[in-house]
Amino acid sequence: MSWKPKYFIVYPHKSVDNLRWECTTHYACMAHIPNMLRELLGVSTVGREIKLIWNFQHQSEMKDKYNISYQQLEDYIKSNCSMLSFTAKGTRKRAIKELKRLGAKELCLADSYRDMMLMQAFYRNHQSFPPDATVV
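**Student:** Looking at this model, I keep getting lost on the nonpolar core. Mind explaining?
**Tutor:** As a rule of thumb, nonpolar side chains are buried together in soluble globular proteins. Grouped together as the largest cluster of nonpolar side chains are 20 residues, with contacts concentrated most on Ile9, Ile33, Leu37, Leu84 and Leu99. Elements that contribute at least two residues to this core include exactly strand S1 (7-12), helix H1 (33-41), strand S3 (81-86) and helix H4 (89-101). Here this core gets four residues from one element, more than from any other, and that element is H1.

Encoded structure:
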C-alpha cells in the first residue's frame, strides 16, 4: 500500500510545547504526536515528515516536482515547523479537534504537499503563516 496523503496540518514547534500527553505507548515528545493521534483516533493513517535532502540532484528534483524555488526549499527545510499528513479530510478534522483539546495552538491547514512546504517556508521568514492561510 502506498502512502499518498492529500491533507496536511502544519504547526510551529512552539505551538505544541505544552501539549498534554494522553498516549500510553510512546514517549512524550513532538516526534511521537502522530503515534498519539493514531492511538486516540483509532486509525493507522496519520503520517509525519522527515526533512531530508540527500544531495543536489534530490534538491533539484524536489524543486521541479513541487514548482518551488531553491530558496523556498531551503526555508522549508530550515523552518521551525512540522507537519502531520492524512489521506482523509475527516481524519484531519478529528485530529484537529484532538490537538486543540490537548492544548495545541496555531494549526495551519494545507491541501497539497506543495502548499504544506510553502506554509513552512513562509513561517520561517515571517514567524507567522500567510494571511490567506486557514489557521485554526
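Resuming the write-up.
**Student:** Could you clarify how one ought to interpret the packing of aromatic side chains in this entry?
**Tutor:** Each aromatic ring pair is characterised by the separation of its centres together with the angle its planes make. Summed over the entire model, instances satisfying the criterion amount to four aromatic pairs. With centroids separated by 5.9 Å and ring planes inclined at 75 degrees, the aromatic side chains of Phe8 and Tyr113 adopt a geometry described as edge-to-face. Taken together, the residues Phe8 in strand S1 and Tyr113 in helix H5 (residues 113-126) connect sequence positions 105 residues apart. A relative accessible area of 1% places Phe8 in the buried class. We classify Tyr113 as partly exposed; its relative accessible area is 25%. Ring plane angle 40 degrees and centroid distance 5.0 Å describe the contact between Tyr66 and Tyr113, whose orientation is recorded as tilted. Of this pair, Tyr66 sits in helix H2 (residues 56-66) while Tyr113 sits in helix H5, placing them 47 residues apart in sequence. Over the face of the ring belonging to Tyr76 we find Lys51, whose NZ or CZ atom lies 5.1 Å from the ring centre. Note that Lys63 overlies the ring of Tyr70, its terminal NZ or CZ placed 5.4 Å from the centroid.

Definitions and limits used
Residues numbered from 1 in each chain as written. Predicted model: local features only at pLDDT ≥ 70, side-chain atom pairs only at ≥ 80, totals over all residues. Heavy atoms only, no water. Core = buried A, V, L, I, M, F, W, Y, C linked by side-chain atoms within 4.5 Å. Buried < 20%, exposed > 50% of the residue type's maximum accessible area, 1.4 Å probe, protein only. Helix = DSSP H or I, 4+ residues; strand = E, 2+ residues; numbered from the N terminus. Phe/Tyr/Trp six-rings, centres within 6.5 Å; stacked < 30°, edge-to-face > 60°. Lys NZ or Arg CZ within 6 Å of the ring centre and 35° of its normal.

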